[in-house]
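Single-letter residue listing:
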Amino acid sequence: SPIRNSTSGLLKAAWENLVISWGLTLIWIDIHVFLNKIFGKEMFVDLGGEWIPEKSGATSTDGAAEAALAEKAGESIGTVEKMGCGCLNFGCLFLLLGALSIISLLLGVITNPMEAIKALVDMFWGLFTRN
């Protein structure tokens, strides 16, 4: 279907431009996976399916063998893409938690600067007075 072809092309472009976009196309990849669960394979291909060319409708045994081989390759690529998508999302979670931790530390210093200065002085004093 034309919708499936266009969403497949968008997914393929998202994977190809993942590094160039600093990971922002991961948002579309996640949306595509979510919409695949809602609307099914008729509109949104499974991960890995975007690399498989459309079936030409060949009835020969060579065409059937090529289609089976392409389907098996798509499943293998899909497994790798699922692992990659999970790892990338896990990495984004760690980046988000790191950013929130830094903001929390900065807010702690802003709300009580004298205690932060005292903690720094105590830390440096402990470094210089060690044996």
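The structure presented is a predicted model; accordingly, all values stated were derived computationally and were not measured.

About the cut-offs
Residues numbered from 1 in each chain as written. Predicted model: local features only at pLDDT ≥ 70, side-chain atom pairs only at ≥ 80, totals over all residues. Heavy atoms only, no water. Salt bridge = Lys/Arg side-chain N within 4 Å of Asp/Glu carboxyl O. Buried < 20%, exposed > 50% of the residue type's maximum accessible area, 1.4 Å probe, protein only. Helix = DSSP H or I, 4+ residues; strand = E, 2+ residues; numbered from the N terminus. Polar contact = N/O pair within 3.5 Å; in protein donor to acceptor, adjacent residues only side chain to side chain. Axes fitted to C-alpha atoms, helices over the stretch in contact; angles between N-to-C directions. Left-handed = near helix turned anticlockwise from the far one by under 90°. Contact = heavy atoms within 4.5 Å. Expected span 1.5 Å × (residues − 1). Arc of directions from axis to C-beta. Disulfide = S-S within 2.5 Å. Core = buried A, V, L, I, M, F, W, Y, C linked by side-chain atoms within 4.5 Å.

**Digging into the pattern of salt bridges**
At step 1: Within the structure shown, the criterion is met by 2 salt bridges.
At step 2: Between Asp 46 and Lys 41 there is a salt bridge; the shortest N-O distance is 3.3 Å.
At step 3: Owing to a relative accessible area of 31%, Asp 46 belongs among the partly exposed residues under this scheme.
At step 4: The partner of Lys 118 in a salt bridge is Asp 122, and the shortest N-O contact between them spans 3.1 Å. Of this pair, Lys 118 and Asp 122 both sit in helix H4 (residues 113–128), 4 residues apart, which is roughly one turn of that helix.

**Digging into the environment of Ser 1**
At step 1: Structurally, the position occupied by Ser 1 is in the segment before helix H1 (2–16).
At step 2: A sequence separation of 115 residues divides Ser 1 from Ala 116, and the C-alpha atoms of the two residues are 62 Å apart.
At step 3: At 3.3 Å, the side chain of Ser 1 and the backbone nitrogen of Arg 4 are in polar contact.

**Observations concerning the packing of H1 against helix H2 (residues 26–39)**
At step 1: Contact geometry of H1 with H2 gives a least axis separation of 9 Å together with a crossing angle of 145°. Viewed along their axes, H1 and H2 form a crossing whose handedness is left-handed. On H2, the residues touching Thr 7, Leu 10, Leu 11, Ala 14 and Trp 15 of H1 are Trp 28, Ile 29 and His 32.

**Focus: H1**
At step 1: Between its terminal C-alpha atoms H1 stretches 21 Å, which fits the 21 Å expected from 15 residues at 1.5 Å a residue.
At step 2: Restricting attention to buried positions, one finds in H1 the residues Thr 7, Ser 8, Leu 11, Ala 14 and Trp 15. Down the axis of H1, the smallest arc covering the buried residues is 120°, so these residues share one side.

**Considering the state of the cysteines**
At step 1: Considering all chains together, one arrives at 0 disulfides under this definition.
At step 2: The thiol sulfur of Cys 87 is not disulfide-bonded, and the nearest other cysteine sulfur, from Cys 85, lies at 9.5 Å.
At step 3: You can call Cys 87 exposed: its relative accessible area is 57%.
At step 4: In this structure Cys 92 is not part of a disulfide, and its nearest cysteine sulfur, from Cys 85, lies 9.6 Å away.
At step 5: What makes Cys 92 partly exposed here is its relative accessible area of 38%.

**Overview of the nonpolar core**
At step 1: Leu 11, Ala 14, Trp 15, Leu 18, Leu 26, Ile 29, Val 45, Leu 47 and Cys 85 together form the largest nonpolar core, which totals 9 residues.
At step 2: The set of elements that each furnish at least two residues to this core consists of H1 and H2.

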